Amino acid sequence: MKLGSSFGWLWSAYAVSTYGTWIAFGAFPLIAVRVLHSSAFAVSLLEAGGLAVAAIMAFPLGPWVEHRSKRPVMIAMDLARFLAMASVPVAYFLGSLSYGQLMVVSVISGTASIAFTAASGAYLKYLVRSDHLLTANGRFEGTSWVATAAGPPLGGALIGLLGPVITIMADALSYLLSALGVLRIRGGDVAAPRDPATRLRGADLLGGWRFILHDRALRWLFLNSILVGGLIMATVPLLAVLLLGEYHFSAWQYGLAFGIPALGGFVGARLSARLVKRYGRHRVMTVSGWLRSLFPLGLAFIHPGITGLLTVIIIEGLLIICMGIFNPIYATERLQRTPADHAAQVLSAWSVSSKLVQATLMVIWGILATLTSPLAAITISGVLLLATPLLLPKRTHLFDPEPALSAEDVPAA
């Protein structure tokens, strides 16, 4: 299915920045652990603090992005991420790199990523017909998982040869290339109309959340996605501490443990549209949603050595196959149910909420790991994930959608 050259450039921009991000996967925790000698709680706080402050700073960005042309916003956010990430290797080679700088860079990069995601999602809805959105989202999802598979092993090799700051420089350059890709897009743009004389009201900041909470399917998808994402992400810094610190895995082994399973995400993304066509959206979403909540509990059985590495690869592989199937379906459902003139606000609200929940749970799990152990905290997350499928939308919510609202239809907060 041809989606047009404009989609091709948007897809390319997404691909190059995603590859850069995954090449640098684990670089910040690795620098924190091995260069700055940070504790498990400090590594969790680095991840959580960056997410939380970025989410707070991004809070007013939804309405701001909504009423502006999306391509200039995407280019500006890519350039901001480039400058922030490039400052890390500069400071490292000057001998002035600090934990505080890593935190600031994390905040700037996270804030810009929220704005970029909101703008690119709204622009995708503009570029692609509604009945082609699942295919388009499947391509983004597949690209993400291929980058996840290839990036960490390559990044681990680069870290082993040249050090972790080189992978951060590669990530920085990827944002510059992404900006050039967006610049190559030709044709129209989209911006929600706004009366120049009308000031931004406090109620406008809550528009995205009001749309989400009004629609039953979006409401349940929202709750499910932020809790699943939060519980999974809460264990990421702990896995870094456990595998790199306590179990003494090498950088390339750490990258391999998360790179190989990501190939399952590519397979899942390729299968997603076919499974929906054969079995229906609700059945596929429900089955994959339940399965992705079961497998993380298997991480409770990881241990040092080759068998421990294989355990991580198998568990993560099964989890990621299910995520590769589930994610394009839920992303498509979200875009199809969101009015075009409010897409950026909905996506921004979704990202802000997800990052705040992730940050909160990272701090809590960092404390749990300090009081118990990283493995015990990871196990607790796996147990809690078992309840999250109860928040998946019911069949009637998906197949009997409520009418999309315009901005004027939404009651003021």
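Residues numbered from 1 in each chain as written. Predicted model: local features only at pLDDT ≥ 70, side-chain atom pairs only at ≥ 80, totals over all residues. Heavy atoms only, no water.

Draft legend 1. Examining the overall build of the protein chain more closely. When helices and strands are counted, the protein chain shows 18 helices and zero strands. The C-alpha radius of gyration of the protein chain comes to 20 Å, within 12% of the 22 Å expected for a compact globule of 413 residues. Expressed as lengths along the three principal axes of its C-alpha atoms, the size of the protein chain is roughly 55 × 50 × 40 Å. Residue burial in the protein chain is summarised as follows: out of 413 residues, 56% are buried. Within the protein chain, contacts between residues at least 6 apart in sequence are counted, and of these 88% link residues at least 24 apart. As displayed, the protein chain offers around 17,100 Å² of accessible surface, 69% of which is attributable to carbon and sulfur atoms. (Helix = DSSP H or I, 4+ residues; strand = E, 2+ residues; numbered from the N terminus. Rg over C-alpha atoms; globule rule 2.2 N^0.38 Å. Buried < 20%, exposed > 50% of the residue type's maximum accessible area, 1.4 Å probe, protein only. Contact = heavy atoms within 4.5 Å. Areas by Shrake-Rupley, 256 points an atom, 1.4 Å probe, with all protein chains shown as cover.)

Draft legend 2. Local environment of a nonpolar patch on the surface. Together, Val287, Leu291, Leu294, Val383 and Leu386 line one region of the surface with nonpolar side chains, adding up to about 370 Å² of accessible area. Residue contributions to the nonpolar patch peak at three residues, all from helix H14 (residues 281-294). Looking at the element boundaries, leucine 291 is found in helix H14. (Patch = residues over 30% accessible without salt bridge, like charges linked within 9 Å, V, L, I, M, F, W, Y side chains within 5 Å. Salt bridge = Lys/Arg side-chain N within 4 Å of Asp/Glu carboxyl O.)

Draft legend 3. Examining the confidence of the model for the protein chain more closely. Averaged over every residue, the pLDDT of the protein chain is 82; the share at 70 or more is 90%. Considering each helix and strand of the protein chain separately, the mean pLDDT is smallest for helix H18 (residues 395-399), with a value of 55, and largest for helix H17 (residues 374-385), with 94. (pLDDT = per-residue confidence, 0-100.)

Draft legend 4. Fine view of the packing of helix H10 (residues 216-233) against H17. At a closest axis distance of 9 Å, the pairing of H10 and H17 adopts a crossing angle of 165°. Considering the angle they form, H10 stands roughly antiparallel to H17. Where H10 crosses over H17, the handedness of that crossing is left-handed. Packed against H10, whose contacting residues are Val228, Leu231 and Ile232, the element H17 presents Ser381, Leu384 and Leu385 at the interface. A per-class count over the contact of H10 with H17 returns five nonpolar, one polar and no charged. (Axes fitted to C-alpha atoms, helices over the stretch in contact; angles between N-to-C directions. Parallel < 35°, antiparallel > 145°, perpendicular 65-115°, else oblique. Left-handed = near helix turned anticlockwise from the far one by under 90°. Nonpolar A, V, L, I, M, F, W, Y, C, P; charged D, E, K, R; others polar.)

Draft legend 5. Examining unusual backbone geometry more closely. With phi around 60°, histidine 248 is a residue other than glycine that occupies positive phi space. Among the structural elements, histidine 248 can be located in the loop between helix H11 (236-246) and helix H12 (251-259). Residue histidine 248 is classed as exposed on the basis of its relative accessible area, which comes to 64%.

Draft legend 6. Structural detail: the packing of H10 against helix H16 (residues 343-371). At a minimum axis distance of 8 Å, the contact between H10 and H16 shows a crossing angle of 35°. For the pair H10 and H16, the sense of crossing is right-handed. Between H10 and H16, the contacting residues are Leu218, Leu221, Phe222, Ser225, Ile226, Gly229, Gly230, Leu231 and Met233 on the first element and Trp350, Ser353, Ser354, Val357, Gln358, Leu361, Met362 and Trp365 on the second. Its residues assigned to classes, the contact of H10 with H16 shows eleven nonpolar, six polar and no charged.

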